Amino acid sequence: MRPINDILREGMAHLEARRYLDAAKLFDGLLAVQPKLAIAANGLAIAHHHLGNVGTAISTFSHAVSLAQD
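Remember, it's a predicted structure, so these values are computed and weren't measured experimentally. (Residues numbered from 1 in each chain as written. Predicted model: local features only at pLDDT ≥ 70, side-chain atom pairs only at ≥ 80, totals over all residues. Heavy atoms only, no water.)

Novice: How would you summarise the overall build of the protein chain if you had to cite specific residues and measurements?
Specialist: The secondary structure content of the protein chain amounts to four helices and zero strands. Counting from the amino terminus, the protein chain carries its helices and strands in the arrangement α-α-α-α. Oriented by its inertia axes, the alpha-carbon framework of the protein chain measures out at about 30 × 30 × 15 Å. Buried positions account for 34% of the 70 residues belonging to the protein chain. Within the protein chain, counting contacts between residues at least 6 apart in sequence, those at least 24 apart form 39% of the total. As presented, the protein chain carries roughly 4300 Å² of accessible surface, and 56% of it is formed by carbon and sulfur atoms. Taking the average location of the 6 positive side-chain charges in the protein chain and that of its 6 negative ones, the two points are 3 Å from each other. (Helix = DSSP H or I, 4+ residues; strand = E, 2+ residues; numbered from the N terminus. Buried < 20%, exposed > 50% of the residue type's maximum accessible area, 1.4 Å probe, protein only. Contact = heavy atoms within 4.5 Å. Areas by Shrake-Rupley, 256 points an atom, 1.4 Å probe, with all protein chains shown as cover. Lys, Arg positive; Asp, Glu negative; His and termini not counted. Charge placed at Lys NZ, Arg CZ, Asp CG, Glu CD.)

Here you go:
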């Protein structure tokens with residue numbers, strides 16, 4: 001597996017380039033192996049928001065906040 005920071009940078013680049021589906025897939029995959037990574041959950045929530053998945057975005061933002069508090 002690539003270094004986590006490289007994957008996070010790629011995910012953020014996808015978000016900046018408005019490639020939200022690519023970002024969502026990347027952050028979702030990262031969370032599958034690092035489930036407590038708040039920044040990845042936040043990136044996934046942002047992607048879902050822009051994809052119009054409002055309910056999923058809200059629940060994922062909430063999850064990111066709970067992870068960040070740990």
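There is more to say, and it comes next.
Novice: A description of the side chain of H48 should follow, citing residues and the corresponding values.
Specialist: Among the structural elements, H48 can be located in helix α3 (residues 38-50). In this structure H48 comes out as buried when scored by relative accessible area, which is 16%. Discounting residues that sit within four places of it in the chain, H48 has contacts with N53, T56 and A57.

Novice: Run through helix α1 (residues 4-16), naming residues and quoting values.
Specialist: For α1, spanning 13 residues, the distance from its first C-alpha to its last is 18 Å, which sits close to the expected 18 Å at 1.5 Å a residue. Turning to α1, its buried residues number three or more, namely I7, L8, G11, H14 and L15. Along the long axis of α1, the arc covered by the buried residues comes to 120°, so they all point the same way. Of the exposed residues in α1, the ones pointing more than 90 degrees away from its buried face are R9 and E16. (Expected span 1.5 Å × (residues − 1). Arc of directions from axis to C-beta.)

Novice: So what's going on with the nonpolar core? Which residues, and what values?
Specialist: The nonpolar side chains of soluble globular proteins are, as a tendency, buried together. Core analysis: the largest hydrophobic core is formed by 17 residues, its most contacted members being L8, L15, F27, L30, L31, L37 and A40. Those elements that place two or more of their residues in this core are α1, α2 (20-33), α3 and α4 (54-69). No other element matches the seven residues that α2 contributes to this core. Contact partners of L31, with chain neighbours within four places excluded, come to L37, A40, A41 and L44. (Core = buried A, V, L, I, M, F, W, Y, C linked by side-chain atoms within 4.5 Å.)

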